[in-house]
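Next come the chains, spelled out residue by residue.
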Amino acid sequence: MNSPLVDIRDLRVKFSGQRTVHALNGVDIALSPGESLGILGESGSGKSVTLKAMLRLLPPRRTTVAGSIAVDGQDVLAMNADTLADYRGKTVSMIFQEPALALDPVYTLGHQIAESVIRHEGCDRATARQRALDMFERVRIPSPARRLDAYPHEMSGGMRQRAMIALALACRPKVLLADEPTTALDATVQIQILLLLRELQREMGMAMIFVTHDMGVAVEVSDRIAVMYGGRIVESGGVADVIKSPSHPYTRGLLASTVHGAMRGTRLEAIAGAPPSLATAPTGCSFAPRCRLATPACEGAVPPMVGVGPAHVARCIAVAPAAA
Amino acid sequence: MSAPSAAAVAAPESSAQTTPPLLSVRGLVKHFPITGGILGRKVGTVQAVDGVDFDIAKGETLGVVGESGCGKSTTARLVMHLIQPDAGDLRVEGRTIGLNLTLRELRRGVQMVFQDSFASLNPRLTIQDSIAFGPKVYGTPEREALARAHDLLEKVGLDPMSFGRRYPHELSGGQRQRVNIARALALQPKLLLLDEAVSALDKSVEAQVLNLLVDLKAQFDLTYMFISHDLNVVQYMSDRVMVMYLGRVAEIGPVEIIYGGARHPYTRALLSAMPSMDPAKRTMEAPLAGDPPNPIDPPSGCRFHTRCPFAEVVCSTRVPDLLRQPETAQHAVACHMADASSGHSRAGSGT
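These numbers were taken from a predicted model, which means no experiment stands behind them. (Residues numbered from 1 in each chain as written. Chains lettered and ligands numbered in written order. Predicted model: local features only at pLDDT ≥ 70, side-chain atom pairs only at ≥ 80, totals over all residues. Heavy atoms only, no water.)

### Here we look at unusual backbone geometry
Part 1 of the argument: If you check the backbone angles, Asp-72 of chain A has positive phi at about 55 degrees while not being a glycine.
Part 2 of the argument: What makes Asp-72 of chain A partly exposed here is its relative accessible area of 33%.
Part 3 of the argument: Unusually for a residue other than glycine, His-81 of chain B sits at a positive phi of about 60 degrees.
Part 4 of the argument: When you line up the elements, His-81 of chain B lands in the loop between helix H1 (72-79) and strand S4 (87-92).
Part 5 of the argument: A residue is classified by how much of its surface remains accessible, and His-81 of chain B, at 11% relative accessible area, is buried. (Buried < 20%, exposed > 50% of the residue type's maximum accessible area, 1.4 Å probe, protein only. Helix = DSSP H or I, 4+ residues; strand = E, 2+ residues; numbered from the N terminus.)

### Quick notes on the interface of chain A and chain B
Part 1 of the argument: Contact residues are listed per partner, giving 47 residues for chain A and 38 residues for chain B.
Part 2 of the argument: Contact between chain A and chain B buries roughly 3,500 Å² in total, counting both sides, with carbon and sulfur atoms accounting for 54%.
Part 3 of the argument: Counting the surface chain A buries against chain B, the share from its top three residues, Thr-188, Val-259 and Arg-264 of chain A, is 18%.
Part 4 of the argument: Here chain A is connected to chain B by two salt bridges.
Part 5 of the argument: Close ionic contact of Arg-267 of chain A with Asp-215 of chain B constitutes a salt bridge, the shortest N to O distance being 3.0 Å.
Part 6 of the argument: Summed over the shared surface of chain A and chain B, the number is 26 residue pairs in polar contact (both at pLDDT 80 or more). (Contact = heavy atoms within 4.5 Å. Buried area = accessible area lost by both parts, 1.4 Å probe. Salt bridge = Lys/Arg side-chain N within 4 Å of Asp/Glu carboxyl O. Polar contact = N/O pair within 3.5 Å; in protein donor to acceptor, adjacent residues only side chain to side chain.)

### Let's talk about the confidence of the model for chain B
Part 1 of the argument: Taken as a whole, chain B shows an average pLDDT of 90; of its residues, 94% reach a score of 70 or greater.
Part 2 of the argument: The low-confidence segment residues 1-16 of chain B (pLDDT under 50) makes 29 contacts with residues lying over four places distant or belonging to another chain. (pLDDT = per-residue confidence, 0-100.)

### Focus on helix H3 (residues 127-137) of chain B
Residues and elements named next belong to chain B.
Part 1 of the argument: Of all the residues in H3, the buried ones are Ile-127, Gln-128, Ser-130, Ile-131, Ala-132 and Pro-135.
Part 2 of the argument: Against the buried residues of H3 lie helix H4 (142-155), helix H5 (160-163) and helix H6 (173-185).
Part 3 of the argument: In the stretch just after H3, Gly-139 is the one whose phi turns positive, near 95 degrees.

### A look at the sheet that holds strand S3 (residues 36-40) of chain A
Residue and element names in this part refer to chain A.
Part 1 of the argument: Spatially, eight strands are ordered S6-S7-S8-S3-S9-S10-S12-S11 in an open sheet, and the strand pairing comes out mixed. The strands lining the two open edges of the sheet, one partner per strand, are strand S6 (92-95) and strand S11 (306-309). The average angle at which neighbouring strand axes cross in this sheet is 20 degrees, direction not considered.
Part 2 of the argument: On top of the sheet, helix H1 (residues 47-54) reaches S3, S6, strand S7 (175-179), strand S8 (207-212) and strand S9 (224-229); it is set at about 145 degrees to S8, its chief contact.
Part 3 of the argument: Packing of helix H7 (residues 157-169) onto the sheet brings it into contact with S6 and S7, and relative to S6 it is tilted by some 170 degrees. (Pairing = 2+ DSSP bridges. Axes fitted to C-alpha atoms, helices over the stretch in contact; angles between N-to-C directions.)

### A word on helix H7 (residues 203-220) of chain B
Residue and element names in this part refer to chain B.
Part 1 of the argument: Compared with an ideal rise of 1.5 Å per residue, which puts 18 residues at 26 Å, H7 spans 26 Å between its outermost C-alpha atoms and is within 8% of the ideal.
Part 2 of the argument: Burial within H7 is extensive, with 13 of its 18 residues counted as buried.
Part 3 of the argument: Of the residues flanking the end of H7, it is Asp-221, one or two places downstream, whose phi is positive at about 60 degrees. (Expected span 1.5 Å × (residues − 1).)

### Focus: the nonpolar core
Part 1 of the argument: Membership of the largest hydrophobic core comes to 59 residues, with the highest contact counts inside it found for Ile-181 and Phe-226 of chain B.
Part 2 of the argument: When residues in this core are grouped by element, the largest group, seven residues, is from H7 of chain B.
Part 3 of the argument: Leaving out residues up to four positions away in the same chain, Phe-226 of chain B has contacts with Thr-61, Leu-62, Gly-63, Val-64, Leu-194, Val-198, Leu-210, Leu-213, Val-233, Val-234 and Met-237 of chain B.
Part 4 of the argument: Ranked by size, the runner-up nonpolar core spans 42 residues in total, among them Val-117, Ala-170, Leu-196 and Met-204 of chain A. (Core = buried A, V, L, I, M, F, W, Y, C linked by side-chain atoms within 4.5 Å.)

### Quick look at the sheet that holds strand S5 (residues 74-75) of chain A
All names here are of chain A.
Part 1 of the argument: The strand order S2-S1-S4-S5 describes an open sheet built from four strands, whose pairing is antiparallel. The strands lining the two open edges of the sheet, one partner per strand, are strand S2 (21-31) and S5.
Part 2 of the argument: Alignment of strand S4 (residues 63-71) against S5, held across two bridges, turns out to be antiparallel. Bridging from a neighbouring strand, Val-71 pairs with Gln-74 of S5.
Part 3 of the argument: Most of the contacts of H1 go to strand S1 (residues 6-15), to which it runs at about 110 degrees, and overall it touches S1, S2 and S4.

### Some words on the environment of Phe-287 of chain A
Residue and element names in this part refer to chain A.
Part 1 of the argument: Along the chain, the position of Phe-287 falls in the loop between helix H11 (249-257) and helix H12 (296-300).
Part 2 of the argument: Residue Phe-287 is classed as buried on the basis of its relative accessible area, which comes to 3%.
Part 3 of the argument: In this structure the C-alpha to C-alpha distance between Phe-287 and Val-106, which are 181 residues apart in sequence, comes to 45 Å.
Part 4 of the argument: Excluding its chain neighbours within four sequence positions, the residues that come into contact with Phe-287 are Tyr-229, His-248, Pro-249, Tyr-250 and Ile-271.

Structure (structure tokens):
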């Protein structure tokens, strides 16, 4: 195996200010070219912070970052402003939950896409505009030539999301980061966007990290799933392994408490309690206070990742490791 | 744009022959004007709710599903009279609002829980005061109101001694939503309107609150109108389900029929747009193309015809009535394909 495209090791992010939050407490991610990783977690689990750290989008004054992030052989945390500007949009691109906030309201969509292409590839405006048109066709925006001259507010939610995808992919990034891009969309539109992302990811051969709180959405787009809790990855593995045979008590609880049709008339197995506040860095397993299997040993030290199957690991001392 | 005749309305055929349904809604209409320009002239109308009929029988849960702009939240607000309907008839246990039911009586019998747990609590009141506020307004003595607030906090799983004197910002989202539920129950209502009440909660907390809602319903003999965009949750909670599209009812019926044998093409599309939970059975094709149309200028005839794979000429020219299905009287569909006399080529073929 050659070195992965994305190699994140022991990433720790602490926010200080009025309140201290230990948002990430040791995250490791390795992603191969063309691979699609779904990060599943609840609010405050650190899933969005992980993506933002990869693009250095966190407020520098209030954030302490430790660990390492390497993407395509480059050390992201060591980049200066120029290198960072080259890297954003060219190597790694990101799409957000709310395109209305991510797009610039005072420029047409065609202008914004062309601007990005000119910045990264140094081509002339006509070529850049042609690329914008190609991208609009790829994301299947109806009457694309006309829509290039539209402003973001003139489009519906689903079309804006498509336009943002076109902008993010215009310079053919190697990695696409997607932060809940379909959460604000209606059900019939959400599935269209998910299928579009899956198709573009495959066609363009790019790697993708897709953050979501919705298990079904993660299943639709991911090759692998990483489950986050309290600023750590608690389980990761192939999508079928994690969904069909979850190992970590949190993943099991999450699957059991996710409502689906067959559960009618039965009582839901809710996980008691609430997610941790992360005001102090958790010294042991951060799920221990809510876990039925917790023992004093769980609070003592951070559990190591244990192999529970082929390429399937869980951070729990109560799960039996697979026979190596 | 005539409202469907009363005979066409899907009322549950239960023992309701003599006792009227808990809530009965007929021909409910709400259009919001859009003003523009410096003179604030009316430039358009949002047809938020446009001729909605339904009943809720005592003790049942009616789930309401639909995409944004379909009018599900507006319907709930109209039932509560938080906004005034333009037209329509609202009855609670057979009594009409404005005629022989005062607004005060209505709000005592019907209460609502909103999606945003923070915005719906007064930030300057402790949570016990928030819960006791309603009863005090309705004449309960201070001490008794507070005792009831404590009792309700305990019922929703929050220790009154440690939580009662806290302010909303000191609670988590799940805890705040429990407070909102307790407050809604403080006036001992018969009907609770739950408008996306669990949608903002994390999955692990959502399950706790759903369990609580199920328990409270049995304990206090409640009736729910459960509005959500989450089809899984609606299936879990509801006895009957109403599917709305752009201000109208597309289909209404028992939960097993809506989820197992829906007849409206929109209901089917909505269900097949649910992400798969099985990695081996991923969705291969989106059931519908495009976004829902704008309710400012909705399509003519059947409002779904612009996105419907089976649309014919009749669909764009005539509004389909919400017709009871011959197989199950509780099941009603507003689609020309389900109406043998509509002239649609697939009418009556059972597709």
